[in-house]
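# Chains, contacts and geometry: an overview
The chain contents come next:
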Amino acid sequence: MNQLSALKDDDEVMIAYGKGKRMPLALYKVRHSLAHVMAQAVTELFPQAKPTIGPPIESGFYYDFYTPTPFTPQDLERIEARMREIVNKHVDFVRREVSEAEARELFKDNPFKLELIDGLVRGAADEMGEQTSAAGDGAASVLTVYTQDTFTDLCRGPHVNNTREIHPDAFKLVQSSSAYWRGDEKNPVLQRIYGLAFHTPEELQHHLKMQEEARKRDHRKLGAELEIFMFDDEVGPGLPIWLPNGGVLIEQLEALAKKMEEDAGYLRVRTPHVTKEALFVRSGHLPYYAESMFPPMTLDDGERYYIKPMNCPFHHKIYASKPRSYRDLPLRLAEYGTCYRFEQSGELFGLMRVRSMQMNDAHIYCTEEQFEAEFLGVVNLYLKYFEIFGIEKYVMRLSLHADAGLGKKYVDNRPLWLKTEEMVRRAMRQGNVPFYEAEDEAAFYGPKIDVQIYSAIGREFTLATNQVDFAVPARFNLTYVDRDGQEKTPLCIHRAPLGTHERFIGFLIEHFAGAFPPWLAPVQAVLIPIADRHVEYCQRVARQLRAEGMRVLVDDGPERMQNKIRKAQLSKIPYMLVVGDKEVQSEAVSVRLRSGEDLKSQPVGEFAARVKALVARYALALWE
RNA sequence: GCCCACAUAGCUCAGUAGGUAGAGCACACCCUUGGUAAGGGUGAGGUCACCGGUUCGAUCCCGGUUGUGGGCUCCA
């Protein structure tokens with residue numbers, strides 16, 4: 001802590017914040033200091049508001065207040081104006097070490113700060129609620145407070161020395177919302193105010209512009225504009241309906257996945273959407289996962305049926321359908337199974353978080369000796385997909401158990417955890433796949449590799465998991481007869497490299513901004529007749545191209561050609577094929593690319609061959 | 001689930017100090033047959049999300065419901 005405050009302002013020095021993120025120290029100080037300035041402004045304007053915590057984050061900062069009335073947009077304007085006054089007063093930030101008693105006296109009216117002090121004194125957590133690494137397990141002997149102007153806050157710092165280091169026009173309060181104290185919904189509700197903050201007004205403007213761009217790429221907006229999917233009140237929240245264009249995307253993705261899985265030795269199966277309660281009791285989903293499941297249907301005879309939230313128990317049944325020999329392993333069962341999960345209403349988010357989802361699911365049953373190769377095979381499958389889709393930014397996380405959760409969150413078998421975690425770690429190192437480790441993030445039955453990807457607009461989410469299951473096969477009495485004649489329990493690898501159709505297509509929409517590569521585009525080409533007399537020829541060419549496997553439309557509407565080009569352009573159709581007298585005479589089409597490039601007339605056959613070649617190798621380019 | 005905000009034509013949005021609504025785009029029809037991002041005209045479209053309350057009268061005010069958005073939390 002002390003060393004931190006002593007560091008020189010330097011954009012080269014990175015400081016950690018949040019979970020596993022870093023930002024330049026200088027920026028951290030500006031943002032953190034602005035959080036304090038905001039707290040001062042808020043407590044001045046709303047004396048009943050009690051400050052709790054306020055850290056720097058990705059693009060700025062926030063501060064949570066305990067207050068009887070939420071902040072209105074007008075309040076934010078007043079607070080921001082007051083902050084600007086404080087910043088312009090060029091006040092010092094003064095650090096002071098205080099004793100526990102003094103700290104308790106200073107914050108005696110603020111139960112949240114007192115709770116933080118309790119934590120700090122015990123050495124358990126710092127003011128962000130995170131483990132203190134510096135203090136080890138010893139209690140923090142010294143507490144620090146920072147004072148600027150009239151406001152004093154419990155804080156480990158560091159801060160700017162004086163608010164003149166903060167540009168008064170490089171920050172902006174953007175929104176208020178609620179948050180729970182310590183992120184726990186059992187705790188009191190706090191009001192959080194978010195602010196953006198940078199070194200210069202230009203950086204702030206740039207950020208705002210990027211956000212504007214991001215809104216344009218939002219899959220919810222593009223999904224509606226491009227007629228990919230829709231929601232309907234009478235169908236229900238979180239239940240997407242795929243429109244014809246979305247249907248094509250799904251068909252193409254499934255075709256790709258089936259081909260890849262066939263090459264990798266998977267067998268395709270299909271299983272029911274509803275099942276008796278007993279299956280999920282055996283799998284451990286009931287009652288453990290009951291919260292995320294739709295409530296059961298009770299039949300006349302009292303039997304309860306559930307709609308499936310996962311495919312695995314069915315695949316286990318398929319494994320168990322006959323005796324297995326080590327010669328049968330690895331057994332790889334794949335299914336694009338539709339699952340239903342009862343996500344909390346507040347969790348639903350476009351296609352990214354839904355209640356009905358089609359999973360690119362498979363389970364691999366293998367022996368311990370086969371594990372490494374199988375696990376790596378799956379990871380490599382991921383990497384192949386990333387290449388096809390041009391996904392360059394991704395992070396793999398090895399999610400481990402935590403001893404504290406054994407028997408509660410996690411299957412109570414520490415040695416097996418350590419062993420399987422090491423197996424995964426070794427497989428990843430063996431394959432030279434970079435990853436980082438995170439404790440207490442595992443599935444209840446085993447460790448996993450989570451793949452985080454980032455859509456073009458910076459939205460981060462878990463695309464896929466690759467999980468090791470050392471517990472559930474035993475619950476299903478899955479066995480194989482090994483070489484030595486002994487019955488053994490196989491390991492099971494759960495994997496879903498493309499996650500779900502819903503999330504993956506949501507991601508792809510943002511990744512490509514709706515401009516899908518030719519192999520994936522719902523409509524690949526639109527034929528545009530210049531005059532009515534060219535329509536017949538267009539229809540003939542369309543039939544020809546469809547026979548070649550292309551997805552083609554003819555725009556025979558009454559508008560002018562320019563208007564049709566514009567419509568096709570807005571629909572992000574890769575190829576616009578303009579047809580006039582010249583083309584009709586020479587069995588040609590005039591090719592215009594979505595990029596705006598005019599490639600002039602060329603023979604229909606040549607165009608078709610060119611596109612077919614691009615499609616066959618899943619090319620991202622429009623023309624080569 | 002919780003806190004806050006929002007809900008007007010297929011879409012994007014105006015509007016009414018409470019007297020049942022309007023534009024642009026899209027759609028239909030007519031004219032125009034035009035060579036690489038919007039030709040012109042005419043017309044049709046709305047129980048102002050739903051259910052209650054206040055009022056002579058509610059799209060507008062109040063309450064509830066549903067949905068959506070921004071967060072908290074969790075996950076594919």
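Everything in this summary refers to the structure shown in the same document. (Residues numbered from 1 in each chain as written. Chains lettered and ligands numbered in written order. Predicted model: local features only at pLDDT ≥ 70, side-chain atom pairs only at ≥ 80, totals over all residues. Heavy atoms only, no water.)

### A word on the layout of surface pockets
Space inside the second largest pocket adds up to approximately 1,600 Å³. Along the wall of the second largest pocket there are 43 residues; nearest its centre are Tyr289, Arg341, Glu343, Arg353 and Lys448. Broken down by secondary-structure element, the contributors of at least two residues to the lining of the second largest pocket are β18 (356-366), β21 (448-454), β22 (460-469), β25 (491-495) and α15 (501-512). The biggest single contributor to the lining of the second largest pocket is β22, with five residues. Residues of the lining of the second largest pocket, tallied by class, amount to 18 nonpolar, ten polar and 15 charged. (1 Å grid on protein atoms, 1.4 Å probe; cavity = no way out; pocket = protein on both sides within 12 Å on 5 of 7 lines; lining within 4 Å. Points joined across faces, edges and corners; volume = space filled by probe spheres on them. Helix = DSSP H or I, 4+ residues; strand = E, 2+ residues; numbered from the N terminus. Nonpolar A, V, L, I, M, F, W, Y, C, P; charged D, E, K, R; others polar.)

### So, the environment of Glu510
Topologically, Glu510 is positioned in helix α15. You can call Glu510 buried: its relative accessible area is 0%. Ignoring anything within four residues of it in the chain, the contact list for Glu510 reads Arg217, Asp218, His219, Met352, Ser455, Ala456, Ile457 and Arg459. At 2.9 Å, the side chain of Glu510 and the side chain of His219 are in polar contact. (Buried < 20%, exposed > 50% of the residue type's maximum accessible area, 1.4 Å probe, protein only. Contact = heavy atoms within 4.5 Å. Polar contact = N/O pair within 3.5 Å; in protein donor to acceptor, adjacent residues only side chain to side chain.)

### With respect to the nonpolar core
Formed by 90 residues in total, the largest nonpolar core has its most connected members in Phe375 and Phe389. Here the element with the most residues in this core is helix α12 (residues 368-389); it accounts for eleven residues. Every residue in contact with Phe375, bar those within four places of it in the chain, is listed here: Val424, Ala427, Met428, Ile449, Asn466, Val468 and Ile493. Listed in part, the 30 residues of the second largest apolar core include Phe71, Leu76, Val87 and Tyr146. (Core = buried A, V, L, I, M, F, W, Y, C linked by side-chain atoms within 4.5 Å.)

### Topic: the pairing of strand β5 (residues 60-66)
Taking burial as the measure, the seven residues of β5 include six buried ones, the bulk of the element. The pairing of strand β3 (residues 50-51) with β5 spans two bridges and is classified as antiparallel. Bridge assignment links Pro51 to a residue of β5, and that residue is Phe65. Following strand β4 (residues 56-57), the chain reverses through two residues before pairing antiparallel with β5. The pairing of β5 with strand β10 (residues 189-197) spans six bridges and is classified as antiparallel. (Pairing = 2+ DSSP bridges.)

### Some points on the protein's contact with RNA strand B
Close to RNA strand B lie 56 residues; Gln175, Leu463, Ile530, Arg566 and Ser590 are nearest. The protein-proximal atoms of RNA strand B, defined as those within 4 Å of the protein, are 45% sugar or phosphate. Measuring from a sugar or linking oxygen of RNA strand B, one finds a backbone N or O atom of Ala464 at 3.2 Å. Contributing elements (two or more residues each) for the surface near RNA strand B: β9 (171-180), β10, β22, α17 (561-570), α18 (581-586) and β29 (588-593). Per-element tally for the surface near RNA strand B: the top contributor is α17, with seven residues. Among the residues making up the surface near RNA strand B, the classes are represented as 18 nonpolar, 19 polar and 19 charged. (Near = heavy atom within 4 Å.)

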